[in-house]
Structures are given as structure tokens and as C-alpha cells.
Amino acid sequence: MNPAEQLQIAQELIRIRIECALLKHQPDHDKIQLNELHARRRLLVMKYPWLPCVAWQDVQWCLEQLKVKDQDTAQIFPFILRKPQVKALKQIVAGWKEHGTFGEPLWVLILKSRQWGGSTLIEALVYLRTWAVPGSDALLISRDDDQAVFQFGIYDTFYNNDPLQRPKQNSRNLRSIKYADEKGGKINVDSGYKESMGRGCTYHNLHASEIDFWRLWEKALTALIPGVPNSADGFGCIESTAE
């Protein structure tokens, strides 16, 4: 992307922020217009997170528009980032700026303790990246079949409770959503117990979750990693519990 295009996106983001601020101060503001502006802001931020005009706070704003479900009460509430999630997000956005500027994919390695929300953070970023870039495919591989279905439910909650514009679904099942855009982007979830998971496919966004529980994880990653494009559109996360 040349400097003139970057400047154009920066100017558009500034314009959107100003228009949103002005609309919110109007007692009877047009909610549809405001949502359209929010959707455009999200698209630009998540499509080009490596641009200098995009701050980590912009990405945080996009994430906190999403909704998550409480595992105990099943209530839906906004995805407000915790301190560890904010710390991780800052590092991820810094990585995007370091690699995306040179047209390189971003790879993230997370050695996580339990219950700080690392998996949910990555799933939210993958959802938004797939949402923002038409035709981009995402693959999440979990430790087993039950966990795969559970983690797909997180994507389902994001999609069903998304307050902004979202691509229409062409098809879906318990582990897959295929969007009905002109390039047919999709989100797939699979189990780390399968030896053939995701092979021979291109996935712009790869989330390898809890690889320490996978069957033959080294062999599986060797096959999966080349499927992530060697460009700024590529995003991969390898996650394992720190034991």
C-alpha cells in the first residue's frame, strides 16, 4: 500500500470518529447511520491493523463491540477486555505493525495460564479479521471434539449478537460457518485428534489451540503452517497451556 492510500485511510478514520462524536451528541441521532459508521471503522481497523493510523485502542474498540456468553448463567454481555487481555492485545498490534508493514504474516505464540481469556481474545480477533476481509478463511483446531464444538459456540455467539453489519451465511453446521459473500469466506473448527485436519487448504487465520493435547502435534503443525499466506493477510496463533 502506497503512502497516498495510507493517508486516505487515515483521513477516513478521522472523519468517521468526528461524525460519530457529532451524532452521539444529537438527542435523536440516527442509529442506523451510526452503526454504518461503526461498521466502516471496524472494517478499516481490522483489515489494516498494521497501518500507523490504527492504534491498539482502535482494535480494542472493535473487540468490545462483540458479545460473549457467561458459562455459568448463559447471559450475553459485552466483551470487555481484562488487564491480561489488554496487555496481550498491545503486543499483538505491535507485532502487526512490525510485520504487516513489510507484507509479512503475524505469528503469535501464547504460553498461557488458565482462565485469563487468551483463547477468547484470539477467537475474537480471528472473527473480526474474517469479517473484515471478504473471502478470508479461518481455522481453529482445539484439543478434542467436545472442546471444538464449545469453541465454535463462541464464534456463533459473536455472529448472532453482532450489533454491526455482518456477512450473510451461505451454510453452517456445528463446526463451520460459510459466508455468502462473492468469495465465500468461512470459519472452520476441528479437533487436534485428527491427523488430516486442515491439510491442503489455505487459511488466512489459523488458531492452533492447546497443542499440548493434540495427537502428533509436531507433524500436524508442519503441515498446517505453510497453509497460512506469506503476506500481511496471514495471521496465526499457536497456543499451549504453560506446563
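The structure under discussion appears in the preceding block.
Residues numbered from 1 in each chain as written. Predicted model: local features only at pLDDT ≥ 70, side-chain atom pairs only at ≥ 80, totals over all residues. Heavy atoms only, no water.

Q: Please provide a residue-by-residue account of the pattern of salt bridges, values included.
A: Taken as a whole and assessed by the stated rule, the structure comprises nine salt bridges. Salt-bridge contacts for Arg-15 lead to Glu-19; the nearest nitrogen and oxygen are separated by 2.9 Å. Of this pair, Arg-15 and Glu-19 both sit in helix 1 (residues 3–24), four residues apart, which is roughly one turn of the helix. Judged by relative accessible area, which is 37%, Arg-15 ranks as partly exposed. Asp-162 is the partner of Arg-42 in a salt bridge, and the nearest nitrogen-oxygen pair spans 2.8 Å. (Salt bridge = Lys/Arg side-chain N within 4 Å of Asp/Glu carboxyl O. Helix = DSSP H or I, 4+ residues; strand = E, 2+ residues; numbered from the N terminus. Buried < 20%, exposed > 50% of the residue type's maximum accessible area, 1.4 Å probe, protein only.)

Q: Describe the packing of aromatic side chains, and please don't skip the residues or the numbers.
A: Enumeration according to the criterion identifies three aromatic pairs in this entry. For the ring pair Tyr-48 and Trp-50, a centre distance of 6.1 Å and an interplane angle of 85 degrees mean the geometry is edge-to-face. You can call Tyr-48 buried: its relative accessible area is 17%. Ring geometry for Trp-96 against Phe-235: centres 5.3 Å apart, planes inclined by 35 degrees, an arrangement best described as tilted. Residue Trp-96 is found in helix 4 (residues 83–100), and its partner Phe-235 is found in strand 9 (residues 235–241); the two are separated by 139 residues along the sequence. Phe-235 carries the same exposure label as Trp-96, and that label is buried. (Phe/Tyr/Trp six-rings, centres within 6.5 Å; stacked < 30°, edge-to-face > 60°.)

Q: With reference to specific residues and values, describe the nonpolar core.
A: Leu-63, Leu-125 and Tyr-127 are the most contacted members of the largest nonpolar core, which totals 59 residues. Here this core gets nine residues from one element, more than from any other, and that element is helix 5 (residues 118–132). Those residues in contact with Tyr-127 that sit more than four places away from it in its chain are Arg-42, Leu-66, Tyr-155, Phe-158, Tyr-159, Asp-162, Tyr-179 and Ile-187. Core analysis: the second largest hydrophobic core is formed by twelve residues, Ala-208, Ile-211, Leu-221 and Val-228 among them. (Core = buried A, V, L, I, M, F, W, Y, C linked by side-chain atoms within 4.5 Å. Contact = heavy atoms within 4.5 Å.)

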